[in-house]
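# A structural walkthrough
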Amino acid sequence: MAALSVTDRDGKKFDLDMARVDALRAALRGTLLTPEAPGYDESRALWNGMIDRRPALIVRCLGVSDVVTCVNFAREHGIALSMKGGGHNIAGLACCDGGLMLDFCNMRGVWVDSALRVAHAQGGCLLGDVDRETQLHGLAAPLGFVSLTGIAGLTLGGGFGYMSRQYGWTSDNVRSMTVVTAHGKIVRASEKENADLFWGLRGGGGNFGAVVDIEYSLYPLGPEIFGGAVVWRADSTLEVMELFRKTAAAAPPELTLVLVLRIAPPAPWIDKDVHGKPIAMILACHTGKVAEAEKLLAPIKAFGKPVGDMMQRRPYVTQQNLLDATQPKGRRYYWKSEFVSSFEPELFAKLKEHGDRLQSPHSAAILFQLGGAIGKLPDSHSAVGNRGTGGLFNITAAWDAPADDAKNVDWARKAWQDLKQFSTGGTYVNFLNEEEAGERIQDAYGGNLARLAEIKRAWDPDNLFRMNKNITPAR
């Protein structure tokens, strides 16, 4: 084969001389994969099974030098470029059709300085990688809810999890990032170095370069915390919602609650006679003193007649992977979400209405409690914004068979249409699906978008990094 068919950044196909591909291969420490190579399909596979793209080239980078080489190659040859960390994003933008995909799966090192309470994590790390290493020292970084999520995508989009009400967005707890820019330069971004880039990276997604290292601030936590979940039958949903509202309203920053309406999975800790039937569930995590947490959460455990209870003392790392089994790689996913300012009775009523209409045993209607430290900084502090929010609803359709696409997507869209009346007008960029990636950027960034466009012009004027929730460079 004398040439390889590839795609440029505008989606047009052209032939790339194989001699240039061979030269790229020779310049790498890592592995270059073409479509016929073993491991190609494994590498391109994403968490969301609805996304099925085929890059012309995949490079499993082994270090920063490989990233620089690939960025330069994509720029010089005009080839589309994408980057895969965890590949867990709902929009599936880690993988490009016909272009060059950088797979960071072999860049998962974590280095902890317990004295300084910081951790450096490579760009391919998953949340669980960081949690396991930091918990060896009784420390943790404020990350997300699913341990298989990539840290880069989570952090660059803001990021929130069980520690966010105490310490803010994940991106608020970043001290520095090391980035390979569109021109193949290695730069460090922090409050003191390239401060404009640092501002944009904390929420602006992968628009400004390939992030190869993130330095996080760490906080004393665990290894034991108090958390887990309690489940009730669906006929108690309205009462459980009121319990959720009252507990959330009085919650200290150390406590975070999540309300979930779904079909009971065949989990051994849930009563067998409820399996396959609608349930209401409250997830909780208290990151303060365990004895205080037990007292504070005792009313939830004692409320009504639970049909499942796994709220207990537990290692923090098990709290972090509690939801992993509900989010398996390869299932088909479609989400719709909005920030809300507060939890109103009318919001609960609408959420229950659509929770009663689930089209799949894997789907859910979810309310996340936010607030706390997130709102203590102004929206202008970093790109992520949306700090005045009290919570977020996420309509998560999930199913297995392609034949069921229409009914599940339709359920999610109708639920969102009905619930968006409660929105602040803002939305979480990491939860935007593929069709929303270009439509709702203004909603995600609000007044910060104009500054982001200026930073994009300064660092990536030709929009090399466009396989993301893309920000158009300012003119």
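In this report, we go over the structure that sits alongside the text. (Residues numbered from 1 in each chain as written. Predicted model: local features only at pLDDT ≥ 70, side-chain atom pairs only at ≥ 80, totals over all residues. Heavy atoms only, no water.)

### Brief notes about the packing of aromatic side chains
Centre distance and the angle of the planes are the two values used to describe a pair of aromatic rings. Counted under the stated rule, the structure contains 20 aromatic pairs. For the pair Tyr428 and Phe431, a centre-to-centre distance of 4.8 Å together with 75° between the ring planes defines the contact as edge-to-face. Per residue, the accessibility class of Tyr428 equals that of Phe431, and both read buried. Put simply, the rings of Trp47, Phe145, Phe160, Tyr162, Trp169, Tyr333, Trp335, Phe339, Phe368, Tyr428 and Phe431 touch in pairs and so form one group of aromatic residues. Sitting above the plane of the Trp416 ring, Lys336 keeps its charged end 3.7 Å from the centroid. The ring centre of Trp199 lies 4.0 Å from the NZ or CZ of Arg451, which sits over that ring. (Phe/Tyr/Trp six-rings, centres within 6.5 Å; stacked < 30°, edge-to-face > 60°. Buried < 20%, exposed > 50% of the residue type's maximum accessible area, 1.4 Å probe, protein only. Lys NZ or Arg CZ within 6 Å of the ring centre and 35° of its normal.)

### Regarding helix H8 (residues 237-250)
With 14 residues, H8 should reach 20 Å at 1.5 Å per residue; the first-to-last C-alpha distance of 20 Å fits that figure. In the core, the buried residues of H8 are packed alongside strand S14 (224-233), strand S15 (255-263), strand S16 (278-286), helix H9 (290-302), helix H11 (345-355) and strand S20 (364-369). (Helix = DSSP H or I, 4+ residues; strand = E, 2+ residues; numbered from the N terminus. Expected span 1.5 Å × (residues − 1). Contact = heavy atoms within 4.5 Å.)

### Here's the deal with the nonpolar core
Of all hydrophobic cores here, the largest spans 80 residues; its most connected members are Leu201 and Tyr216. With five residues, helix H14 (residues 449-459) is the largest single contributor of residues to this core. Not counting the four nearest positions on each side in its chain, Tyr216 is found in contact with Arg117, Val118, Ala119, Ala121, Ala141, Leu143, Ile151, Thr155, Thr170, Asn173, Val174 and Arg175. With 42 residues, the next largest nonpolar core counts Val240, Met241, Leu243 and Ala251 among its residues. (Core = buried A, V, L, I, M, F, W, Y, C linked by side-chain atoms within 4.5 Å.)

### Focus: the environment of Ala248
With respect to the helices and strands, the residue Ala248 is situated in helix H8. Between the alpha carbons of Ala248 and Val174 there is a distance of 27 Å; along the sequence they are 74 residues apart. The residues contacting Ala248, other than those within four sequence positions of it, are Leu257, Phe343 and Gln369.

### Remarks on the side chain of Arg44
Within the secondary structure, Arg44 is located in helix H2 (residues 40-44). Residues contacting Arg44, with those up to four places away along its chain left out, are Asp52, Arg53, Arg54, Pro55, Ile58, Lys84, Cys95 and Met101.

### Describing the pattern of salt bridges
With the rule as written, the count across this model stands at 35 salt bridges. The salt bridge involving Arg53 is made with Glu434; its shortest N-O contact spans 2.4 Å. Pair noted here: Arg53 is in the loop between H2 and strand S4 (57-60) and Glu434 is in the loop between helix H12 (405-419) and helix H13 (441-445), with a separation of 381 residues, a long-range link. (Salt bridge = Lys/Arg side-chain N within 4 Å of Asp/Glu carboxyl O.)

### Topic: helix H3 (residues 64-77)
Think of an α-helix as 3.6 residues a turn; residues three or four steps apart then line up on the same face. For H3, which comprises 14 residues, the first-to-last C-alpha distance of 20 Å matches the rise-based estimate of 20 Å (1.5 Å per residue) to within 8%. Along H3, the positions that sit buried rather than exposed are Asp66, Val67, Val68, Cys70, Val71, Asn72, Phe73, Ala74 and His77. Two residues or fewer past H3, Gly78 is found with a positive phi of approximately 65°.

### Let's talk about the sheet that holds S4
One open sheet accounts for four strands, arranged S3-S4-S6-S5; its pairing is mixed. Strand pairing shows two members of the sheet lacking a second neighbour, strand S3 (31-33) and strand S5 (81-84), which therefore form its edges. Looking at each pair of strands side by side, their axes are set apart by 20° on average, direction ignored. Where S3 meets S4, three bridges bridge the pair, whose relative direction is antiparallel. Bridge pairing links Thr31 to Arg60 in S4. Here H3 sits on the sheet in contact with S4, S5 and strand S6 (100-103), set at roughly 165° to S6. (Pairing = 2+ DSSP bridges. Axes fitted to C-alpha atoms, helices over the stretch in contact; angles between N-to-C directions.)

### Observations regarding the pairing of S15
With respect to burial, S15 is a largely interior element, nine of its nine residues being buried. Every second residue of S15 is oriented toward a common face, with Leu255, Leu257, Leu259, Leu261 and Ile263 on one face and Thr256, Val258, Val260 and Arg262 on the other, all of them buried. As paired elements, S15 and S16 share nine bridges and run antiparallel to each other. Pairing of Ile263 across the sheet is with Pro278, part of S16. One ladder, built from five bridges, connects S15 with S20; its direction is antiparallel. Residue pairing for S20: Arg262 is matched across the bridge by Ala364.

### Structural notes on the sheet that holds strand S10 (residues 174-180)
Across the sheet, which stays open at both edges, the five strands sit in the order S7-S8-S12-S10-S11 with antiparallel pairing between neighbours. Edge strands, defined here as strands with exactly one partner in the open sheet, are strand S7 (110-113) and strand S11 (186-190). On average, each strand axis in the sheet is inclined to that of its neighbour by 15°, with strand direction left out of account. As judged from the five bridges shared by strand S8 (residues 118-122) and strand S12 (residues 210-217), these two strands associate in the antiparallel manner.

### Some remarks on the pairing of strand S2 (residues 13-17)
The pairing of strand S1 (residues 3-7) with S2 spans five bridges and is antiparallel. The partner of Thr7 across the bridge, within S2, is Lys13. The hairpin formed by S1 and S2 contains five residues between the paired strands, and Gly11 there has a positive phi angle of roughly 90°.

### Thoughts on unusual backbone geometry
Following Gly222, the chain continues to Pro223 via a peptide bond in cis, the omega torsion being 10°. Within the secondary structure layout, Pro223 lies in the loop between strand S13 (219-220) and S14. A positive phi angle is found at Asn194, which is not glycine, with a value near 50°. You can see Asn194 is positioned in the loop between S11 and helix H7 (195-201). One non-glycine residue with positive phi stands out, namely Asn463, at about 55°.

### Observations concerning the side chain of Glu338
By the secondary structure assignment, Glu338 is in strand S19 (residues 332-340). Contact partners of Glu338, with chain neighbours within four places excluded, come to Gly391, Leu392, Phe393, Trp416, Lys420, Ser423, Gly426, Thr427 and Arg440.

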